[in-house]
Amino acid sequence: MAVAAVKARGSPRPAEGIAASLSGSLAVAEAMRQTNPDVVAAYPITPSTIMVEKFSEFVANGQVDTEFVAVESEHSAMSACIGAAAAGARAQTVTSSQGLAYMWEALYVASGTRLPIVLHCANRTLSAPINIHCDHSDTMGARDSGWVQLYAENTQEAYDNALMAVRIAEHPEVMLPVLHSQDGYTITHSVERVELLPDDVARQFVGEYRPRYPLLDLKAPVTVGPIVSPTYYFEMKRQAVEAMERAAEVIHNIGQEFGRMSGRYYGLSEEYRLEDAEVALVLLGATVGTARVVVDQLRSQGMRAGLLKVRSFRPFPGDEVVQALAGKAAVAVLDRSLAYGAAGNPLFQDVCSALYVRGMHVPLVNYVYGIGGREAMPNDLLQVFKELYRAADSGQAGPAVRYLALRE
Amino acid sequence: MSPMKLNLKELSRQEDLLAPGHRLCPGCIEPVAVRQVLQVAGPNTVVATATGCLEVSTTAYPYTSWRVPWVHSLFENAAATISGVEAAYKTFLRTGRWKEDQPINFVVFGGDGGTYDIGLQALSGAIERGHRFLYVCLNNEAYMNTGIQRSSASPLGTWTTTTPVGTRMTGKPQPRKDLTRIVAAHGVPYAAQASPHLWKDFMRKVEKALGTDGPTFINVLAPCPRGWRTPDDLGIQLGRVATETCVWPIYEVDQGVWKLNHRPREKRPVVEWLKVQGRFLHLLRPENRHLLELCQAEVDRSWTSLQAACGASGGAQGTPEAPRAAEGA
Ligand SMILES: Cc1ncc(C[n+]2csc(CCOP(=O)(O)OP(=O)(O)O)c2C)c(N)n1
């Protein structure tokens, strides 16, 4: 779909959005078209494939200037993005699940080389057994790879994040690759109403990329990817950690700038009816939408329930989370992936540490849900709230890690 | 492009694009091959290198030996990495953002491990997609950077640290993979085998490859004193023995036409190749006679088949004498 360019009228007024009915995949493909990356290198894998297919159409019809590299594997997809980004190009890829796992060693090269690659991910679980449905095992497996990680709640956010990701990655204070993901099927394949930005507005927002040390500058030859001894390696990694920390402010600022332009403001996390809540959920991804409905339902029954959505998982907004959860009677952290044998699952671990290092105690339980595509239904989330109330009333949190909607 | 003048006087005046002071072992032939390539390619060249001896020995941060833009990312992805670089260049050209008047040469250096084995998929993919690049395999017939382990380029009977000579095993049980043929079977416009001792032949091949629009491949023998258990000053000489025994035939497949570029005056027995290298000495023991025969048979088989390929596509009557005269000229 081509979006007719409509001029943004006057600066402080949000640009006129273009309403469309799109699946998450097609919405992200639109964002890619508007971004017009120099190089896209990608390989098909369900449920991300539609993004690649749609984008290939844009290439075939000359709607973008992109060189599309139809690689023979995801390992090569990320490798080609690394080559392109090192060359000074804006490079993007798309993947899911095994594809992301297959990229794993190259993900570290992208961040270690400080290349602002953008990866559009459709979350899907990992084999074995093989299963094409959603959970967050794939992206959580990459959580320590030095990539910024954003999670979308719905189609609109998937589209918006796809545009903001470019700005975050290329920000001079960041220069780290960004992965933004959307729950497979729930977002990628569900058609929702979205508001797209007019092409010229989107283009202006992402702007032009000016690489500092492009490989293709023949007059100033650079060596990219040298071997680094213990004398320097640690400092380089620390610099990347600092860049990740700086990314927090950048994500916030770009989210606000995006808001001024579109009317849709973004931070690193978002509270929903949380301020006066006694009990709360912390979660990320598409299930946030379901949880909102459940919170509303409980509120209508006079119960003070709320939720905290984590949009930016890396960098993790520890201060915001702690502030938001302070004083709650009981909180459930919902994880859609497993950390075998750990003291808790990924999101839970981060929430726990964030509270602990700030000397804060909030009764906390960890629920694993939705593994391999088993959706968390409103009744399941109601059950969680019920158990939270029970824990709050009795002062007994019970087992730290529980499994939602599981036959046991 | 008009063929460049390949005379030593001219070449000796050129700036080395691989600076001296790198940390490759004494007697290593990899930098010899690299400099020969860069002398032809010149400064308008971007190099990608796979993890391996060359990469670790030329880029010890904060130093670099590379006077041309250079990128390394992983062991098995050099061909994919250059695909991305070349794709970026194409977009820059198409959108008018490329300001230089000279086109860029894209060159990859990979060891035999990074090329024959773990990087074969990426190489095959990049070739099939038709990116414009020259892939040079620096073939020292084993994984040397990690301490001499076998690769699929290690010949039959080779001692390596993962094919040790023991009471039950006598070196590598399998013959090597014929990668040049595998690459040629992709239908690349240009693929060749070369050896740095035939420097004119090699440099002409580089020139031809860089003048070709599409993926090109040169498999160059790179003797390794450490891994081959040979004296440091024997590398160039070993190249000569390899070609005279037909262990390493010098040929090219140019637009589908197979051509032998160097025909030894008299094909020498393979034992002459084996006996000068520590990695093969066990093959000379009387109890391993059958292995020696197998080695000879393997060389004969591939030589015969190569000659047939050259004959079949009309290149058999190439000019064996002319390239020979070029050797060391
Ligand atoms: C995925 C992966 N596996 C293994 C290694 C370890 N490794 C680094 S270099 C190398 C061998 C290189 O051998 P080759 O490609 O023949 O080049 P040479 O060093 O002999 O020039 C190996 C096994 C690695 N870096 N990455």
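Residues numbered from 1 in each chain as written. Chains lettered and ligands numbered in written order. Predicted model: local features only at pLDDT ≥ 70, side-chain atom pairs only at ≥ 80, totals over all residues. Heavy atoms only, no water.

1. What to know about the sheet that holds strand S6 (residues 215-221) of chain B
Which entries qualify depends on this criterion: Here, any two strands with at least 2 DSSP bridges between them count as paired. Here a strand is any run of E in DSSP of at least two residues, a helix any run of H or I of at least four, and the numbering for each starts at the N terminus. Throughout, a residue-residue contact means that at least one pair of heavy atoms, one from each residue, lies within 4.5 Å. Inter-axis angles, ranging from 0 to 180 degrees, are taken between N-to-C directions of lines fitted to C-alpha atoms, where helices are fitted over the stretch in contact.
Ordered in space as S9(A)-S2(B)-S1(B)-S3(B)-S4(B)-S6(B)-S5(B)-S7(B)-S8(B), the nine strands form an open sheet in which the pairing is mixed. This sheet does not close on itself; its edge strands, each paired only once, are strand S9 (223-224) of chain A together with strand S8 (257-262) of chain B. Relative to strand S4 (residues 133-139) of chain B, strand S3 (residues 105-111) of chain B runs parallel, the two sharing five bridges. Paired with B:Val107 across the strands is B:Leu134, a residue of S4(B). Sheet contacts for helix H4 (residues 78-94) of chain B: strand S1 (45-49), strand S2 (70-72), S3 and S4 of chain B; angle to S3(B), the most-contacted strand, approximately 170°.

2. A closer look at the side chain of A:Thr287
Residue and element names in this part refer to chain A. Cut-off, in case you're wondering: We call a residue buried when its accessible area falls under 20% of the maximum for its residue type, exposed when it is over 50%, and partly exposed in between, using a 1.4 Å probe and counting protein chains only. Distance and chemistry together define a polar contact, namely a pair of N or O atoms within 3.5 Å, with one atom able to donate a hydrogen and the other to accept it when in protein, and with adjacent residues in sequence counting only for side-chain atoms on both sides.
Position of Thr 287 relative to the elements: it lies in helix H10 (residues 287-300). Since its relative accessible area comes to 3%, Thr 287 is described here as buried. Here Tyr 369 takes part through its side chain, which lies 3.4 Å from a polar atom of the side chain of Thr 287. Setting aside residues no more than four positions away along its own chain, Thr 287 makes contact with Asp 183, Arg 336, Tyr 369, Ala 376 and Leu 381.

3. Details of the site of the ligand
Quick reminder of the rule: A molecule or strand has a residue near it when one of that residue's heavy atoms lies within 4 Å.
Around the ligand sit 18 residues, and of these B:Glu30, B:Cys53, B:Gly113, B:Gly114 and B:Met144 come closest. Looking at the residues close to the ligand, they fall on chains A and B. Take B:Gly114: an N or O atom from its main chain is 2.8 Å from an oxygen atom of the ligand. Taking B:Asn140, its side chain carries an N or O atom lying 3.1 Å from an oxygen atom of the ligand.

4. Digging into a nonpolar patch on the surface
Put simply, the rule is: Patches here: salt-bridge-free residues with over 30% relative accessible area, like charges joined within 9 Å, nonpolar side chains (Val, Leu, Ile, Met, Phe, Trp, Tyr) joined within 5 Å. Each accessible area is a Shrake-Rupley result for a 1.4 Å probe, and residues are judged covered by the shown protein chains and nothing else. A carboxyl oxygen of Asp or Glu within 4 Å of a side-chain nitrogen of Lys or Arg is what we treat as a salt bridge.
Among the surface-exposed residues, A:Leu338, A:Tyr340, A:Ile371, A:Tyr403 and A:Leu406 lie close enough to one another that they form a single nonpolar patch of about 530 Å² accessible area. Tracing the backbone shows A:Ile371 in the loop between strand S15 (364-368) and helix H13 (378-394).

5. With respect to the environment of A:Ala85
Residue and element names in this part refer to chain A. Along the polypeptide, Ala 85 turns up in helix H3 (residues 74-87). Residues Ala 85 and Ala 110, 25 residues apart in the sequence, show an inter-C-alpha distance of 8.8 Å. In contact with Ala 85, not counting residues within four places along its chain, are Ala 91, Leu 115 and Ile 117.

6. Things to note about the confidence of the model for chain A
Selection rule: Per-residue confidence from the predictor is reported as pLDDT, which spans 0 to 100.
Put simply, chain A has an average pLDDT of 96, and 97% of its residues get 70 or more. With pLDDT under 50 throughout, residues 1-10 of chain A is counted as low confidence; its partners more than four residues away or in other chains account for 30 contacts.

7. Examining the side chain of B:Glu86
Residues and elements named next belong to chain B. Within the element layout of this structure, Glu 86 appears in helix H4. Taking relative accessible area as the criterion, Glu 86 reaches 3% and is therefore assigned buried. In this structure the side chain of Glu 86 is engaged in a polar contact, spanning 2.7 Å, whose partner is the side chain of His 131.

8. Observations concerning the pattern of salt bridges
A side chain of one charge can pair with a side chain of the opposite charge if their charged atoms are brought near each other. Residues and elements named next belong to chain A. Counted under the stated rule, the structure contains 45 salt bridges over all chains. Across the pair Arg 264 and Glu 195 runs a salt bridge whose closest N-O atoms are separated by 3.7 Å. Of this pair, Arg 264 sits in the loop between helix H9 (230-262) and strand S10 (269-272) while Glu 195 sits in strand S8 (residues 191-196), and the two are 69 residues apart along the sequence. Its relative accessible area of 16% is what places Arg 264 among the buried residues. A salt bridge links Arg 358 to Asp 319, with the nearest nitrogen and oxygen atoms 2.7 Å apart.

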